[in-house]
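Fold and geometry: a report
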Amino acid sequence: MKENKLDYTPNRWTFHRLTSRIFNPIIERIAENIHEVWAKARMDEGWTYGEKRDDIHKKHPCLVPYDELPEEEKEYDRNTAMNTIKMVKKLGFRIEREE
C-alpha cells in the first residue's frame, strides 16, 4: 500500500475492440442489469425518483426503467458492460451462448 493515497493512478488494462455484431445484444442486456442493480441499491437506501438530483432529499432522475433513461445514461452503463466483457476475455475466459 502506498503511503500517500494522493499518488494513486488508476491502471487501466488496454483491450481490443469487441465485434459489435456479436456483443451488442449481450452488452445491452448487461447494461440494463447494471442499471437495475444500481436502482435497487439506491431505492433500498431510501432514494426515490425526482426530476433533479437532490442528495439531501434522496431524489434522482435516473430512478426509472432502463428504456426510459436518457441516451447518455444508457451509454455509461453500456461502457461499464463492455469493459466488464473485455476484462473477462482478457482473463482468458470465453463467452458462449448455450443453445
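In short, a report on the structure. (Residues numbered from 1 in each chain as written. Predicted model: local features only at pLDDT ≥ 70, side-chain atom pairs only at ≥ 80, totals over all residues. Heavy atoms only, no water.)

**Focus on the pattern of salt bridges**
- The final tally for this structure, using the stated rule, is 6 salt bridges.
- One salt bridge in this structure joins E28 and R78, with 2.6 Å as the shortest N-O distance. Of this pair, E28 sits in helix α1 (residues 20-44) while R78 sits in helix α2 (residues 71-90), and the two are 50 residues apart along the sequence.
- Note on E28: relative accessible area 27%, which makes it partly exposed.
- With a shortest N-O distance of 2.7 Å, D55 and R53 are connected by a salt bridge.
- Each of E28, E71, E75 and R78 takes part in one network of salt bridges that share partners. (Salt bridge = Lys/Arg side-chain N within 4 Å of Asp/Glu carboxyl O. Helix = DSSP H or I, 4+ residues; strand = E, 2+ residues; numbered from the N terminus. Buried < 20%, exposed > 50% of the residue type's maximum accessible area, 1.4 Å probe, protein only.)

**Brief notes about α2**
- Between its terminal C-alpha atoms α2 stretches 28 Å, which fits the 28 Å expected from 20 residues at 1.5 Å a residue.
- The complete set of buried residues in α2 reads K74, D77, R78, A81, I85 and K86.
- G92, located one to two residues past α2, shows a positive phi value of around 100°. (Expected span 1.5 Å × (residues − 1).)

**Examining the environment of W38**
- With respect to the element layout, W38 can be found in helix α1.
- By relative accessible area, which is 26% here, W38 ends up partly exposed.
- Each C-alpha atom, one on W38 and one on C62, is 9.8 Å from the other, the two residues being 24 residues apart in sequence.
- When sequence neighbours within four positions are dropped, the list of residues in contact with W38 reads H60, C62 and L63. (Contact = heavy atoms within 4.5 Å.)

**Notes on the environment of V88**
- If you trace the backbone, V88 turns up in helix α2.
- Given the relative accessible area of 29%, V88 is considered partly exposed.
- Ignoring any residue separated from it by four or fewer positions in sequence, one finds V88 in contact with F93 and I95.

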